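# Summary of the model geometry
Residues per chain, in single letters:
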Amino acid sequence: MAQRIIAGLEELRGLKGQEVDVGDWFALDQARINAFAEVSEDHQWIHVDTERAQTELPQGKTIAHGFLTLSLLSFLLKQAVVVKVEFKRGINYGLNRVRFPSPVPAGSQIRVRCTLVAVEEIPNAIQICWAVIMEVRDVSKPALVAEWLVRYYR
């Protein structure tokens with residue numbers, strides 16, 4: 001899919017309440033899961049033990065860390081949407097809520113759906129609230145549902 005470019009604050013405000021874009025599929029392989037286990041020090045077997053997963057997990061595969069999928073939101077949203085507004089910097093401000101309703105088996109493809117919930121003026125910045133849903137290809141239940149706050153400072 002083509003990246004959605006939002007050209008200005010007025011266009012951004014006009015998108016409030018709408019699904020802005022759906023990102024491209026992104027492969028989440030075992031190598032990335034293992035690398036995340038190393039940097040996060042989370043080596044729980046459900047993430048890294050492929051042999052045990054074959055016999056003990058429902059799909060016979062390891063599953064990605066929930067926090068790995070969460071950490072991919074910046075990348076995945078950037079692949080889907082670019083906000084071109086004159087600001088000096090943008091930061092992740094936080095999350096209002098995060099849930100991991102369904103696992104992401106190793107080798108799956110994931111993507112995000114982005115809905116603009118709010119655009120709020122704050123001193124020297126705007127704050128955007130995105131409702132993001134992370135989908136797993138061929139799975140009906142989402143892997144991640146979150147409200148994500150991003151700030152753009154003037």
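Below is a short write-up of the structure. Please read these numbers as outputs of a predicted model, since none were measured by experiment.

Once that is clear, we can look at the pattern of salt bridges. According to the stated counting rule, one finds seven salt bridges in the structure shown. In this structure, Arg13 engages Glu121 in a salt bridge whose closest nitrogen and oxygen atoms are separated by 2.3 Å. Of the two residues, Arg13 is situated in helix H1 (residues 9-14) and Glu121 in strand E6 (residues 108-122); the sequence distance between them amounts to 108 residues. Given a relative accessible area of 32%, Arg13 falls into the partly exposed group. By relative accessible area, which is 42% here, Glu121 ends up partly exposed. Of the charged contacts, one joins Glu19 and Arg113 as a salt bridge, the two residues approaching to 3.0 Å between their closest N and O atoms. A residue pair is termed long-range when its members are at least 10 positions apart, and Glu19 in strand E2 (residues 19-22) and Arg113 in strand E6 qualify at 94 residues. Residue classification places Glu19 among the partly exposed residues on the basis of a relative accessible area of 44%. Taken together, the salt bridges that share partners define one network made up of Glu10, Arg13, Glu121 and Arg154.

Conventions and cut-offs
Residues numbered from 1 in each chain as written. Predicted model: local features only at pLDDT ≥ 70, side-chain atom pairs only at ≥ 80, totals over all residues. Heavy atoms only, no water. Salt bridge = Lys/Arg side-chain N within 4 Å of Asp/Glu carboxyl O. Helix = DSSP H or I, 4+ residues; strand = E, 2+ residues; numbered from the N terminus. Buried < 20%, exposed > 50% of the residue type's maximum accessible area, 1.4 Å probe, protein only.

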